[in-house]
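# Coordinates in review
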Amino acid sequence: MTTPLEVSNPHQIDNPRERKWQDYFTFNTDHKVIGIQYLVTSFIFYFVGGFFAELMRTELATPASDFISPEFYNQALTLHGTIMIFLWIVPAGAGFANYLIPLMVGAEDMAFPRLNAIAFWLTPPGGILLLSSLLVGAPQAGWTSYPPLSLLTGKWGQEIWIMSLLIVGTSSILGAINFITTMLKMRAPGMDINKMPLFCWSMLAASALILLSTPALAAALILLSFDLIAGTNFFNPNGGGDPVVYQHLFWFYSHPAVYIMILPFFGAISDVIPVHSRKPIFGYRAIAYSSLAISFLGLIVWAHHMYTSGTPGWLRLFFMATTMLIAVPTGIKVFSWCATMWGGKISLNSAMLFAMGFVSSFVIGGITGVMLASLPLDIHVHDTYFVVGHFHYVLFGGSVLGLFAGFYHWFPKITGRMFNESLGRAHFILTFIGLNLTFMPMHELGLLGMNRRIALYDQQFQSLNQLCTWGAYLLAISTAPLVVGIFLALFRGEKAGDNPWNALTLEWQTSSPPPILNFNNTPIVTRGPYDYGHNPTEAESVVLTDAQSL
Amino acid sequence: MNIPSNIITLVLGIALTLVSLWYGQNHGLMPIAASDEAEAIDGIFDVMMTIGTGLFLLVQGILIFCLVRFRRRKGDTQDGPPIEGNVPLEILWTAIPAVVVFLLAIYSFEVYNSMGGLDPHASHDVGLHAHHSTSTNQKNMLALDLSSKNLAYGLGLPSESQDPVNLKVKVNAMQYAWIFNYPQGSIVSGELHVPVGKTVELDMEANDVIHAFWLPEFRIKQDVIPGRVTELVFTANKVGQYPIVCAELCGAYHGGMKSVLYVQTPEDFQQWLKDNSVEESSGETQKISSAAASAESQFIVPHIKSLGLLPEPEQLDQLHSKH
């Protein structure tokens, strides 16, 4: 068994319980506080976005538009998509990155702590602004907001939507600057880049995408805003503009956005599975470099969202080629995770349940993704429930399950308490059944002829829709053990200790929660982050030295 | 009796392959295929279902096996074996998916080409009236000079097709109706009628926002975009009625924006044309054969009014088409 070093701390800097709860509501530059702020904020928006989803699924239990008006339904679907993307998954990824990166590389804090706090504090106002659009009529053109429709309906709601996205997009960019700089410049002595945990590699890839693609979204939104309120005609054909240009600008960001949403959780899974299988990650370099490959390829696939739009055949075929290609680095990861588990000693705790559920669901989303890459098939299923099924498998089955795997894995480190395993298991079972019941029937619905973004549908689709609605209700219920478990753990949870999982990465070599400056002494790294299974009499992975003797 | 694990793995592999092959051909997930192109698309979809089923069973199987076989036994605090990789295996699972997606890409290209996706006709000078641009505006447009030629994007004539386009219908999309304009009989209708076995070209324009014309049973779809003309070409091979579905969010009643395609025998089609066309000598105003009386058709009447074709009171009860 690998025994992490006991830390004797004659130079302890401060008591980890020095943090007061009030600190979490202030402008605080500690990356751990900021990480928790991001995570709590994003979880709140998970419930808000989920609420709109439940409204939609309740409407869709019957073919007629009889629960909410079709206009409000479109508002609900626009807010659901926007919130889940920009206020749940993206900031949650930033939350994990904020909390973990300095700890994982052995640094005291991020490279630019004040910029980091600014980045977080842009998020709640952006979210509240978005929700305030309900007061003037929320936008109704979907999270994609294609003009001319977005120029014609719910003008002020649409403008509020644009403003809030510009705010949260800025937050994302500022965070990425910090992540890259910290990882490249502040690693502890002895941590060369190939000893960095894979969560960090995937955040490198995601941050590069954020920096390169978010400005394109800003451009699209600013031009749309000019059309909306200043009478310009960038996207208005009546004035010589072209709505397809918006689509190119929008998707140039929004396709990389989906990789921004999955890469952090790829990284989390790559860290969770080795620990709970007691085996090194299989193919460290392959996983690290395939993250970079996904990042690069992710920038040249965007027009596969436009296969039926104003795009010529040669352009559609080019993007089909690049989109097909991106399946290869993704497949490498899935097989590597499977190979990591194979032959290991799996502890089936909540973190590992969610990690295995992630692999199970993500592969389904990946398979339908390759189908969607094929141009002739996509011509049929574009803008149908087949696509809705696909992206919920990769976003819910992928990102969200990966998020929960990370949540259960790092909960003891962040809070210093153990989460009740029975509640975690209940959360997993309800979530896993709920997600499959909600999203699997959608593939058939799309193939048979049900288009998306509709409040009223053809009678023949009702029985499958009812399955989806029951699944959605199950997903709502699944949040109960999660919420109960969080409060139970925070107030009555068993103390976690420094390293309840006997893991080897640096964050586990300090207390739970860590002291304000993370480590009592500068860590010096001599072993890899996944060196499980080596001779137990060998030296431990980390030697903590007194900083003064360096 | 101890069966060697190699044999068990082999048998499982064979079983997985057979199940995938069977399910790929028998999934029953697609609606009826009403054109030759639809059958080609179903062919590639079946191949992708086969591969997908195989991969699905493989990964889920591995997960379940790990769950059962590689659980940590109570009291075992030792680590697992320090295996960090296996280069030949990693090369294999990189190469095989790369080859598979490469072949799928080639097959997809073939099918797309056979659907007319690369047809020069789909990017030709459509020559329809340009709504809003003057010729001077057009001259100053994009460097590629696309607008001045009113390039039509979409699916055109399949490359190997010998048949010329038999029937051209102009399609107007608007919130929330489809209006079809038949040049021969000067018919304006809310329904699309075509003869079976003949090549039909749709030239589509949108009046307000982006819509999309989708025929699920034909597996074809094309966005209808204001300011440009887009095109679809197809040849139906089965008589019947098929839904036309708008497939781009166009407003609150996007879900109700539907119409019907009637594929008829040539005789029935000629009869329909005759029954619904204008008799110019009598100077009648255009009769309007409207969409079948479905809940959604109420949207059509105001749009027909806005097209300047106001039905006389006596003609209101003629607003059901004669098939």
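What follows deals with the overall build of chain B. The number of helices and strands found in chain B is 6 helices and 12 strands. Counting contacts in chain B only where the partners sit at least 6 residues apart, residues at least 24 apart contribute 73% of the total.

With that settled, the discussion passes to the pairing of strand 8 (residues 220-224) of chain B. Residue and element names in this part refer to chain B. The buried fraction of strand 8 is high, at 5 of 5 residues. Judged by which residues are buried, strand 8 turns out to be covered on both faces: Ile 220, Gln 222 and Val 224 on one side and Lys 221 and Asp 223 on the other are all buried. With 5 bridges connecting them, strand 7 (residues 211-215) and strand 8 associate as antiparallel partners. Bridging across to strand 8, Trp 214 finds its partner in Lys 221. Joining the antiparallel neighbours strand 7 and strand 8 is a turn of 4 residues, in which Arg 219 adopts a positive phi near 65 degrees.

One finds A:Cys200, A:Ile269, A:Phe354, A:Ala355, A:Val359, A:Ala405 and B:Phe213 to be the most contacted residues of the largest nonpolar core, which totals 250 residues. The greatest single-element share of this core, amounting to 22 residues, is contributed by helix 2 (residues 70-105) of chain A. In this structure, this core is formed jointly by two domains, domain 1 (5-67 + 89-114) and domain 2 (127-133 + 148-318) of chain B, each of which donates at least three residues. The residues contacting A:Val359, other than those within four sequence positions of it, are A:Val334, A:Trp337, A:Cys338, B:Val59 and B:Leu63.

To continue, consider the domain arrangement of chain B. All names here are of chain B. Looking at the assigned domains, one finds that chain B contains domain 1 (5-67 + 89-114) and domain 2 (127-133 + 148-318). Put simply, the parts of the chain that give the side of domain 1 that touches domain 2 at least two residues each are helix 2 (36-69) and helix 3 (87-114). At 4 residues, the largest contribution of residues to the side of domain 1 that touches domain 2 is made by helix 2. Here the side of domain 1 that touches domain 2 is built from residues that sort into 6 nonpolar, 3 polar and 2 charged.

A few words on the interface of chain B and chain A. Taken together, the contact between chain B and chain A spans 77 residues of the former and 83 residues of the latter. Listed by contribution, the elements that provide at least two residues to the side of chain B that touches chain A are helix 2, helix 3, strand 7, strand 8 and strand 10 (240-246) of chain B. Considering every element that reaches the side of chain B that touches chain A, the biggest residue donor is helix 2 of chain B, with 13 residues. Its residues assigned to classes, the side of chain B that touches chain A shows 46 nonpolar, 19 polar and 12 charged.

All names here are of chain B. In spatial order, the strands read 5-11-10-7-8; together these 5 strands make up an open sheet with mixed pairing. Because the sheet does not close on itself, it has two edges, and the strands there are strand 5 (192-195) and strand 8. On average, adjacent strands in this sheet sit at an angle of 20 degrees to one another, irrespective of strand direction. The strands touched by helix 5 (residues 266-276) are strand 5 and strand 11 (258-264); relative to strand 5, the strand with the most contacts, the crossing angle is about 140 degrees.

Procedures and definitions
Residues numbered from 1 in each chain as written. Chains lettered and ligands numbered in written order. Predicted model: local features only at pLDDT ≥ 70, side-chain atom pairs only at ≥ 80, totals over all residues. Helix = DSSP H or I, 4+ residues; strand = E, 2+ residues; numbered from the N terminus. Contact = placed C-beta atoms within 7 Å. Buried ≥ 20, exposed ≤ 12 C-beta atoms within 10 Å, placed from the backbone. Pairing = 2+ DSSP bridges. Core = buried A, V, L, I, M, F, W, Y, C linked by C-beta atoms within 7 Å. Domains from an automatic or database assignment. Nonpolar A, V, L, I, M, F, W, Y, C, P; charged D, E, K, R; others polar. Axes fitted to C-alpha atoms, helices over the stretch in contact; angles between N-to-C directions.

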